[in-house]
Amino acid sequence: MTDKFKMTKKRRLVYEVLENAIRPLTASEIFDCLKEDENEVWLSTIYRTLQVLEKADLISKTIIPGSEKAHYLTTEEKHKHYGICLNCHKLIDLECPIDRYKKILDGKGFTIVDHRFMIYGYCKECS
């Protein structure tokens, strides 16, 4: 995290929405969640907040194929992986596969510092 980072009230609100989300969310979805709770936050503020939180390594951005919008999720210690339907964008929780590869990579002198794992396909309702 940078020295200049300050967790303002609006940054905290955006982060808490992502922290409590069961799947990655778009900026518009975050806006809708905050609006439901009657918080006054502009969509432009959410976009700026997402950039700040990403720069501070508190969240990460992912692009889901078939969706033009970026999706955001927290970089919490307990990370998640997904199978993503290319048609309806349904997310299916997956078990983390990193342990299967860690020994192989360690044996080749490769140190893992981060990873992301998503599988794209079609859910049973869309196939």
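The sections below set out a description of the structure shown in this document. (Residues numbered from 1 in each chain as written. Predicted model: local features only at pLDDT ≥ 70, side-chain atom pairs only at ≥ 80, totals over all residues. Heavy atoms only, no water.)

1. Things to note about the overall build of the protein chain
The helix and strand inventory of the protein chain stands at four helices and five strands. If you line up the protein chain on its principal axes, its C-alpha atoms span 50 × 45 × 20 Å. Looking at the protein chain as a whole, 31% of its 127 residues are labelled buried. For the protein chain, the share of sequence-separated contacts (at least 6 apart) that also reach a separation of at least 24 residues comes to 52%. Approximately 9100 Å² of the protein chain is accessible, and the part contributed by carbon and sulfur atoms is 51%. Here the protein chain contributes 21 positive and 20 negative side-chain charges, whose respective centroids are spaced 4 Å apart. (Helix = DSSP H or I, 4+ residues; strand = E, 2+ residues; numbered from the N terminus. Buried < 20%, exposed > 50% of the residue type's maximum accessible area, 1.4 Å probe, protein only. Contact = heavy atoms within 4.5 Å. Areas by Shrake-Rupley, 256 points an atom, 1.4 Å probe, with all protein chains shown as cover. Lys, Arg positive; Asp, Glu negative; His and termini not counted. Charge placed at Lys NZ, Arg CZ, Asp CG, Glu CD.)

2. Digging into the pattern of salt bridges
Under the defined criterion, the tally for this structure stands at two salt bridges. Across the pair K90 and E125 runs a salt bridge whose closest N-O atoms are separated by 3.4 Å. Taken as a pair, K90 in the loop between strand 3 (81-85) and strand 4 (91-94) and E125 in the segment after strand 5 (118-121) lie far apart in primary sequence, 35 residues in all. We classify E125 as exposed; its relative accessible area is 53%. A salt bridge links K102 to D106; the shortest N-O distance between them is 3.0 Å. Here the residue K102 and the residue D106 both occupy positions in helix 4 (residues 98-107), the gap between them amounting to four residues, near one helical turn. (Salt bridge = Lys/Arg side-chain N within 4 Å of Asp/Glu carboxyl O.)

3. Re the packing of helix 1 (residues 9-20) against helix 2 (residues 27-36)
Where helix 1 meets helix 2, the axes come as close as 10 Å, and the angle between the chain directions of the two elements is 105°. Viewed along their axes, helix 1 and helix 2 adopt a mutual orientation that is roughly perpendicular. Facing L13, V14, V17 and L18 of helix 1, the residues of helix 2 in contact are I30, C33 and L34. Tallied by class, residues from the contact of helix 1 with helix 2 come to seven nonpolar, no polar and no charged. (Axes fitted to C-alpha atoms, helices over the stretch in contact; angles between N-to-C directions. Parallel < 35°, antiparallel > 145°, perpendicular 65-115°, else oblique. Nonpolar A, V, L, I, M, F, W, Y, C, P; charged D, E, K, R; others polar.)

4. Looking at the nonpolar core
Ranked by size, the top nonpolar core spans 20 residues in total, and within it I30, L34, I46 and L50 carry the most contacts. For this core, the secondary-structure elements that each account for two or more residues are helix 1, helix 2, helix 3 (43-55) and strand 2 (70-74). It is helix 1 that provides the largest number of residues to this core, a total of five residues. In this structure I46 touches V14, A27, I30, F31, L34 and V41, once residues within four positions along its chain are discounted. (Core = buried A, V, L, I, M, F, W, Y, C linked by side-chain atoms within 4.5 Å.)

5. What about the pairing of strand 2?
With five of five residues buried, strand 2 is to be regarded as a mostly interior element. On strand 2, burial covers both faces: A70, Y72 and T74 on one face and H71 and L73 on the other are all buried. Bridge count for strand 1 (residues 59-63) against strand 2 is five bridges, and the pairing is antiparallel. The residue bridging T62 from the neighbouring strand is H71, located in strand 2. (Pairing = 2+ DSSP bridges.)

6. Brief notes about helix 3
Look at helix 3: 19 Å from first C-alpha to last across 13 residues, which is about the 18 Å you get at 1.5 Å a residue. Buried residues of helix 3: T45, I46, T49, L50 and L53, and no others. All buried residues of helix 3 project into a common sector of 140° when viewed along the axis, lining one side. Exposed and oriented more than 90 degrees from the buried face of helix 3 are Q51 and K55. Each element contacted by the buried residues of helix 3 is listed here: helix 1, helix 2, strand 1 and strand 2. (Expected span 1.5 Å × (residues − 1). Arc of directions from axis to C-beta.)

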